[in-house]
Amino acid sequence: MARGRFILLEGCDRAGKSTQCSMLVSALKARGHAVELCKFPDRTTTIGKMIHAYLTNAQELDDKAVHLLFSANRWEAMQSIRRKLLSGTHLVVDRYAYSGVAFSTAKGLDLTWCKNPDRGLIRPDLTFFLDLPTSEAERRGGFGEERYEKRELQEKVRDVFLQLQSKEWVMIDACKSVEAMHHEILKETEHKIQVAEADAKLAEED
Ligand code: NYM
Ligand code: MG
């Protein structure tokens, strides 16, 4: 059996990641795949609750301390993520370490320092970046409710994301319709899954 694929969706706030993640999960399920949704920050854990309090301005925290909490929130999920992938379940993940680095670096922390705590995390097999100009993000509902949802910071975040971009990333124009984006994301994901399944079959025949 092929290991499940780790499919990551990244982007600035309001780019439509959560909508696309749930559409992707539903589409993969409808095609008979075992698939689950993961979201970072995971606000349900003890660490996640501290992050939530910070993001909703209920609590102040040092920039470095909160950066480490975001990273710890990923580390605490590793065992469960590994187990699921090994059992053949695909994971659709809403934000991950790129968000961690992009937001903290945009706040003024050193890029290398920001990358270090996430070293060794399970790597995504496929990364989509939903790209949206900040002016468009601002027009979308809810912008401005949480910490970080400020135009100036979001522009910096987008710059850092684009700096982190590797040639493997699949860039998605988030100004497109929800359906058009879904179509692109699903097509690339299915391709990735098919390649992994074919490789696993070949390995079995060896
Ligand atoms: N965020 C998210 C970080 O600053 N560091 C991280 O490691 C992660 C995963 O949290 N503005 C920021 C990005 C968002 C905020 O995320 C909450 P969401 O997807 O809106 O719940
Ligand atoms: Mg948000």
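For the structure given in this document, a descriptive report is provided here. (Residues numbered from 1 in each chain as written. Chains lettered and ligands numbered in written order. Predicted model: local features only at pLDDT ≥ 70, side-chain atom pairs only at ≥ 80, totals over all residues. Heavy atoms only, no water.)

1. Structural notes on the site of ligand 1
Moving on, step 1. Close to ligand 1 lie 13 residues; Asp 13, Lys 39, Arg 43, Arg 74 and Arg 95 are nearest.
Moving on, step 2. In this structure, an oxygen atom belonging to ligand 1 sits 2.8 Å away from a side-chain N or O atom of Arg 74.
Moving on, step 3. The separation between an oxygen atom of ligand 1 and a polar main-chain atom of Gly 100 is 3.3 Å.
Moving on, step 4. Relative to its unbound accessible surface of 480 Å², ligand 1 loses 93% to contact with the protein.
Moving on, step 5. Contributions of two or more residues to the shell around ligand 1 are made by α3 (63–75) and α5 (97–106).
Moving on, step 6. Considering every element that reaches the shell around ligand 1, the biggest residue donor is α5, with 3 residues. (Near = heavy atom within 4 Å. Polar contact = N/O pair within 3.5 Å; in protein donor to acceptor, adjacent residues only side chain to side chain. Areas by Shrake-Rupley, 256 points an atom, 1.4 Å probe, with all protein chains shown as cover. Helix = DSSP H or I, 4+ residues; strand = E, 2+ residues; numbered from the N terminus.)

2. A look at the side chain of Glu 10
Moving on, step 1. Mapped onto the secondary structure, Glu 10 falls in strand β1 (residues 6–11).
Moving on, step 2. With no salt bridge to any partner, buried Glu 10 finds its closest opposite charge in Arg 95, at an N-O distance of 4.4 Å.
Moving on, step 3. With residues near it in sequence (within four places) discarded, Glu 10 still touches Lys 17, Arg 95, Tyr 96, Ala 97, Tyr 98, Ser 99, Phe 128, Phe 129, Leu 130 and Phe 161. (Buried < 20%, exposed > 50% of the residue type's maximum accessible area, 1.4 Å probe, protein only. Lys, Arg positive; Asp, Glu negative; His and termini not counted. Salt bridge = Lys/Arg side-chain N within 4 Å of Asp/Glu carboxyl O. Contact = heavy atoms within 4.5 Å.)

3. What to know about the packing of helix α1 (residues 17–30) against helix α9 (residues 178–205)
Moving on, step 1. Closest axis-to-axis distance for the α1/α9 pair is 10 Å, and the angle between their directions is 50 degrees. One element, α1, and the other, α9, form an angle in the oblique class. Here α1 and α9 pass one another in a crossing that is right-handed. The residues of α9 that touch α1, namely those facing Thr 19, Gln 20, Met 23, Leu 24, Ala 27 and Leu 28, are Val 178, Glu 179, Met 181, His 182, Ile 185, Leu 186, Thr 189, Glu 190 and Ile 193.
Moving on, step 2. Split by residue class, the contact of α1 with α9 holds 9 nonpolar, 4 polar and 2 charged. (Axes fitted to C-alpha atoms, helices over the stretch in contact; angles between N-to-C directions. Parallel < 35°, antiparallel > 145°, perpendicular 65-115°, else oblique. Left-handed = near helix turned anticlockwise from the far one by under 90°. Nonpolar A, V, L, I, M, F, W, Y, C, P; charged D, E, K, R; others polar.)

4. Side note on helix α8 (residues 151–164)
Moving on, step 1. Between its first and last C-alpha, α8 extends 20 Å over 14 residues, near the 20 Å set by a 1.5 Å rise per residue.
Moving on, step 2. Here α8 has its buried residues at Leu 153, Gln 154, Val 157, Val 160, Phe 161 and Leu 164. The buried residues of α8 occupy an angular sector of 120 degrees when projected down its axis, which confines them to one face. Looking at α8, the residues exposed on the side facing more than 90 degrees away from the buried face are Glu 152, Asp 159 and Gln 163.
Moving on, step 3. Against the buried residues of α8 lie β1, α5, α6 (111–115), β4 (126–131) and α7 (134–139). (Expected span 1.5 Å × (residues − 1). Arc of directions from axis to C-beta.)

5. What about the pattern of salt bridges?
Moving on, step 1. For the structure shown, the criterion picks out 18 salt bridges.
Moving on, step 2. Across the pair Glu 190 and Arg 31 runs a salt bridge whose closest N-O atoms are separated by 3.2 Å. Taken together, the positions of Glu 190 in helix α9 and Arg 31 in the loop between α1 and β2 (35–39) put the pair 159 residues apart, joining distant regions of the chain.
Moving on, step 3. Judged by its relative accessible area of 23%, Glu 190 falls in the partly exposed class.
Moving on, step 4. Among the ionic pairs, Asp 94 bridges to Lys 39, the shortest N-O distance being 3.8 Å. With Asp 94 in strand β3 (residues 90–94) and Lys 39 in strand β2, the pair connects residues that are 55 residues apart, well separated along the chain.

6. Some remarks on the nonpolar core
Moving on, step 1. Counting residues in each nonpolar core, the largest one holds 23 residues, and the members touching the most others are Leu 9, Leu 24, Val 92, Phe 128 and Leu 130.
Moving on, step 2. Sorting the residues of this core by element identifies β1, α1, β4, β5 (170–173) and α9 as the ones contributing at least two each.
Moving on, step 3. Of the residues forming this core, the biggest block, 5 residues, is contributed by α1.
Moving on, step 4. Apart from residues no more than four positions distant in its own chain, Leu 24 is found in contact with Ile 7, Leu 9, Val 92, His 182, Ile 185, Leu 186 and Thr 189.
Moving on, step 5. Core analysis: the next-biggest nonpolar cluster, separate from the first, contains 21 residues, Ala 102, Ala 106, Phe 129 and Leu 153 among them. (Core = buried A, V, L, I, M, F, W, Y, C linked by side-chain atoms within 4.5 Å.)

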